[in-house]
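The primary structure of each chain is shown beneath.
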Amino acid sequence: MRLPNIPGFSLPKLESYISRLPLFTRAMLAAMVVFQVVGLQHSFDVRAWGALIPDEIGFQTLYRTNTFPLIHLNAFHLVLNLLTVIPLLERFESEYGTLTSLALFFGPLTTIPALLYVGVEKHILGANTPVMGASIWAFLLFGAEAIRTYRTNPYFVISTYNIPTWTSPLALLLCMAALVPSSSFLGHLVGLVVGYIWGLGYIKFLAPPEKALRWVEGKLKLPARLPYFVSVDQKTYGRFGVLPTSTGPSSASALHLRRDPRILKLPPYLSLLCIVVGVVWLFLLPFDDYSRRTYISENALLPGQVHTYFSGSDQHVFRAYKHELHALAGKSNIEFNDKLEPIVKGLGLKTARQNFTYHAAGHTLEGENLYAILQAPRSDATEAIVLVAARENVRNEVNINGIPLALTLLRYFKRWSLWSKDIILVLTPDSIAGPQAWVDAYHDAHDTYRVASLPIKSGALQGAIAIDYAQEGRFESVHIVYDGVNGQLPNLDLINSVVNIAGGQMGMGVAIQEMWQHDNKYPDRLRTMLRGMLKQGLGLASGPHSSFIPYHVDAVTLRPFGDGWQDEMAMGRVIEGTFRSLNNLLEHLHQSFFFYLLMQRERFVSIGTYLPSAMLVAANFTIMAIALWIKSGHPEGATTGADKPKRLSTQTVERDLFLPLGVVTLCQSLSVIPLYLFNHAPDNTLTPLFAVFTALNTLLPPLLSHHLTAAAAPTEQQYHLIKSFSLLLLGMFLSTLATLNFPLSLLIGLVSIPLTFLRPLSLAPSSSSSSSPSSSSSSSLMRRRLLAAAAMAAVSPPAVLLAGCALWGVGVGDVLRAAAVAWHVCGTWTQVVVWCVWWPAWLAGSVVLLGRPRGMGTGAGK
Amino acid sequence: MDGGKVTQGRTAGLYVGAAVLRLAIFTLLPGLPDLLTGRVEISTPVTSFKRLQEGLFLYNHNVSPYDGGVYHQAPLFLPLFSLLPSFSNLPIFTYLLYIAVDLLSASALWKIADSGEAGSAALFTSPRRDKRWSGYVIAAVFLFNPFTLATCIGRSTSVFTTCAILHAIAKAVSGAPFGALVALSFATYLSLYPLLLLPPLALLCYDRQRPERATKSAAKFTSICASVVAGVLGVLFGMSYLITDSWEFLVSTYGIQLTLSDLTPNVGLWWYFFIEMFDSFRAFFLGVFWLHLSCYVGGLTLRIRRQPLVVLTLLLGIFAIFKPYPSISDTSLFLALVPLYRHVFPLMRYTFLAASVIAYASCLGPAFYYLWIYAGSGNANFFYAVTLVWNLGLSLLVCDLMFAVLRDEWEVERPEMAGKEIRQI
């Protein structure tokens, strides 16, 4: 059935609707609200006074038959009834006029159902249920409407059955009775019956004669005096005869907006805005207003709250160990372990060894880990903390002081009875492969062909501290290295604890991200943050701790630096304090942040603050993809034609999806080739291979574009779709990546920005005269194509890699080898992102840029 | 996109191509099948291949496969898989079985497409029916759909259900009601929920009966359908009883679907609700969820009475969203049937949106699951939020398809409105 025409659900429309409500409807609305407000006080019970109570009906109380629709049980009842009655009443009034409505609703249309109800309830059912509320009007008007609908549109069809439309209020009635427990079925029913009768016209005679009304109106000049008054005459002009109307253009403003050709011009600017805001956002982060001071979340840690006793005679032990190890300088890994194992056993610890062999970039990385477990006197070996000391650090310096210090600490720890977690000492030959092999095997996630299983184990690892102490002599500060593989980070609480213990308790300096000097001002903060982002974006292992983090074991490497007065014992006390804190943990570190950017040792931004910047950059691609999709659906030439149409049609042309999908799939699948090549080529061939690849890579887009034009001759629409799909994929991958490795996503997003703003060269405005091929314009087009190919080559992944290497002064071969090692040993996925996300998007973008759409205006027609 | 001439060679090429691709993935990437088998998006407690192995081990050692509460699949899988050479020694036979099942599904889909039922049903003929894809294209879309591939590589046993449902529909459109009902009974036996497809499938069979042996009376036809399904199910249950020597399997296979006692996460909407729920409300909400799932059957069957295949398609889409243990395999079945409606694609309004949402969700889902389970830096809400988005995308697609089909029907009734903009009030 036709419901009153409530335009849309937008607020302005609602306002305009309310402002156009006619007089009687307004009055009734006001009356109902007033009665409700009066009902709030207790001295005069409005409900008892006005409700329709069958037993109370007499001559004195006939007013009840008129007041009861205006009184409601509670606010909820009122709101519900208002929502249904107001539109219906408004419709009735604007059709019959204000005076008629007044006469009818304070006369027959209220009293008849009321008396009918009283009659049935009292005399037939013998009950006495009071009723109130405007729902009786609602049903009455529903009934009248239903009859009218029935006249124009007698049936609606459900599958093959015809159902008369006048029954629909009955269904509503039954639903109401079933769903709203306190509703009066009989009350609603009599309303409905009277509504039907009114609709059928049997009681039309009750309405006051028009002539009389017109006379009254004329005499009293009612239409002029009363606002919102609906005259009897107005009804002849239709429902909204004189009232302001909003039907027409504004009723479909959303549709109107959709058809505006300007809407298609917007997305590039929107994309640009996203990028600009994203980048600016990033540079705002170091300000005090955006970053926060760090704090310890996990109460159990209590960093720096215990006395540390590591000193005194332990210094002699340290010197003795150092002396022993000095003799082992230059010895092989096995000899080293042969010598050390009895020493560790002598401390009363269980020891074991583990072999590992990795093959990467034509090299073999092999070695043997030695590890020992100190069993906690106060627990059952369900949890453990790890102390790692590698024989060589990541810069291939010998860890001269680190290993003796670790041994001394273990000897010292053994004397204490307060450990509630096992302590595992891991001595590895190098800083990357050894720890990785050990952690993999500890979690049974190793490949048994390359890495031996561990003969003895302890409980779940709760944390790990690695010592990188290659410096001789006294030191000034401690450098905390915290970047894990693939940009994963340890829980911020661990870093905070170390900062607290080293900086607060021991009084030594603490540095992060190789910022040896830090004045805690904007430039230094920014530099720290960007360094951290670059490291996390590259995703390489930065120390022995890196391998632990993917297994959800929070770990950092501590490295003393500078020239000061702190000695080895101070370093040992820092580690002791940290271990005491970790020992306190009741559960895994989980309270504090896992995603953060540190910009000073005590300042950070959390994921909620920095994520929008990467997401905005990723969103720019998605926006453009959506815009291109919409654009590809418009008839060609609509935007470039000479006479620009005022509005675009919402009718879309069919899109031919298969060629674009094929091209994008091809680009994506080609990406497996560089990924495989660079991860499996031997070390010495990496540099020449890279040179050959770069050359081929420069030639690939023109070649691909040429073949594409020759084989399929894509239309402009298809080029739009190629770009749309490729950008959609890029945006999708980058926003996913932003949740895993924010800096990498941001970096790739930034270097891919040109891809957003590409379009086929021959579509560029100045060359739109390509339909008239003159030699000069075609040669200029040729020159522009060459230029474009060169520009694209400049932002290609290999070129960016080369530029990066030149900037930091490292060899390409070294970078590629490090990447291959990281891929095989640590499972770094940076390569996958570069070759399978960035490179295909670049390739597809280049193909689009060099594309020559088939004769414009011929349409995509298929 | 017309598919060109479908020759014997092209047909064979498609099937061989699909088979070779699958075999190549199985053999060249040996780690991938096990990785995919472990993914919650592919393997649910009622379809997991790992759990099947467990059940098989117990079965082969004469222990009840349902001991230990790991195996929740139909008992007849056990003799089938124990007939194959052992998976640990000769996995190739298992691979071949799964590949064959996928190809069988594709051939059923091909039959459905070629019947033209989607464009011109017995009671309704779409004016747009000329624009359609051939069976070749539709089978290719199914076979090379990444979701289908992942399901096959992950060796989820839901491929058998998919195959049975597609065959039921294929039989129904080719006028073989008995075969259709038997296939549906098999699907029901394997996964329970296909029983809800019985009303529209019976209507499809009824509409598509061969005139020479048609049963005109609707009541008679209904009773025949019901009795055939009941009979076949009875036989299957009897065989299962003989195999396992107890009726325990009923509780372990269908009971778990009805009561959701295994709360392993999946792409559906149930697990999170029932993790959060207090036990006292559990029974009530189980009732509500099942009622919700089944209430679509009656409404859609009545409303789109003239196109039963549409009802089947929409219901499969709805099941892929609201079933107790959905996986991407259910999505792949729904997506297999959607291309049959090529003729109403121009009427659909949100294809790009739905496709993007589904693509985004399938990218973010594994990432958030990783953050939750492995990295420990996320939590269950991350993954659940993505499953919500995923299901939103699917429901957009279902609604949009329904809109397009209804609009198509409506334009036949009101030819003057064809192509005009309409507004829903």
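Residues numbered from 1 in each chain as written. Chains lettered and ligands numbered in written order. Predicted model: local features only at pLDDT ≥ 70, side-chain atom pairs only at ≥ 80, totals over all residues. Heavy atoms only, no water.

Chain B carries the name PIG-U-domain-containing protein in an unreviewed UniProt entry, which gives Trichocladium antarcticum as its organism. Checking UniProt for chain B, the heading Sequence similarities (unreviewed entry) contains the comment "Belongs to the PIGU family." Database annotation for chain B, UniProt heading Pathway (unreviewed entry): "Glycolipid biosynthesis; glycosylphosphatidylinositol-anchor biosynthesis." (UniProt positions renumbered as here; feature names shortened; annotations may be inferred.)

Named according to an unreviewed UniProt entry, chain A is GPI transamidase-like protein originating from Trichocladium antarcticum. Listed in UniProt under the heading Subcellular location (unreviewed entry), the comment for chain A reads: "Membrane".

Asker: I keep staring at the confidence of the model for chain A and nothing clicks. Help me out?
Answerer: Close inspection of predicted coordinates is inappropriate in any region flagged by low pLDDT. Per-residue confidence for chain A averages 84 on the pLDDT scale, and 90% of its residues sit at or above 70. Here residues 1-8 of chain A is modelled with pLDDT under 50, and outside its nearest four sequence neighbours on either side it reaches 20 contacts, counting other chains as well. (pLDDT = per-residue confidence, 0-100. Contact = heavy atoms within 4.5 Å.)

Asker: What should I look at first to understand the nonpolar core in this one?
Answerer: Note on soluble globular proteins: their nonpolar side chains tend to be buried together. Counting 212 residues, the largest nonpolar core has Phe742(A), Phe81(B), Phe160(B), Ile169(B), Leu201(B), Leu309(B) and Leu340(B) as its most contacted members. Sorting elements by how many residues they give to this core places helix α32 (residues 830-850) of chain A first, with 14 residues. Sequence-distant contacts of Ile169(B), that is, excluding residues within four places in its chain, are made with Ile112(B), Leu201(B), Leu204(B), Leu309(B), Leu312(B) and Leu337(B). Counting residues in each nonpolar core, the second largest holds 66 residues, with Ala406(A), Val556(A), Ala570(A) and Leu585(A) among its members. (Core = buried A, V, L, I, M, F, W, Y, C linked by side-chain atoms within 4.5 Å. Buried < 20%, exposed > 50% of the residue type's maximum accessible area, 1.4 Å probe, protein only. Helix = DSSP H or I, 4+ residues; strand = E, 2+ residues; numbered from the N terminus.)

Asker: I tried to follow the sheet that holds strand β8 (residues 460-467) of chain A on my own but got confused; where do I start?
Answerer: Backbone-to-backbone hydrogen bonds join strands into a sheet, with any given pair of strands oriented parallel or antiparallel. Residue and element names in this part refer to chain A. Taken in spatial order, the eight strands line up as β4-β5-β7-β6-β8-β11-β9-β10 in an open sheet, and their pairing is mixed. Where the open sheet ends on each side, the last strands, each with one partner, are β4 (350-360) and β10 (509-512). The mean angle between the axes of side-by-side strands here comes to 25°, regardless of whether they run parallel or antiparallel. When strand β5 (residues 363-374) meets strand β7 (residues 422-428), the two strands line up antiparallel, connected through five bridges. Looking at β7, one finds that Ile 373 is bridged to Ile 424. In this fold helix α19 (residues 492-505) packs onto β8, β9 (475-481), β10 and β11 (555-566), with an angle of close to 20° to the strand it touches most, β11. (Pairing = 2+ DSSP bridges. Axes fitted to C-alpha atoms, helices over the stretch in contact; angles between N-to-C directions.)

Asker: Where do I start with helix α10 (residues 185-200) of chain A in this structure?
Answerer: Quick reminder: α-helices carry 3.6 residues per turn. Residues three or four places apart thus point the same way. Residues and elements named next belong to chain A. With 16 residues, α10 extends 22 Å from end C-alpha to end C-alpha; this agrees with the ideal 22 Å at 1.5 Å per step. Those residues of α10 that sit buried are Leu 186, Gly 187, His 188, Val 190, Gly 191, Leu 192, Val 194, Gly 195, Tyr 196, Trp 198 and Gly 199. Those residues of α10 hidden inside the fold are in contact with α5 (75-96), α6 (98-105), α7 (108-124), α8 (135-152) and α9 (168-179). Downstream of α10 by a residue or two, Gly 201 has a phi angle that is positive, lying close to 90°. (Expected span 1.5 Å × (residues − 1).)

Asker: So what exactly am I meant to see when it comes to the environment of Leu21(A) here?
Answerer: Relative to the helices and strands, Leu21(A) is located in the loop between α1 (11-19) and α2 (23-38). Excluding its chain neighbours within four sequence positions, the residues that come into contact with Leu21(A) are Arg26(A), Leu29(A), Ile86(A), Glu90(A) and Tyr228(A).

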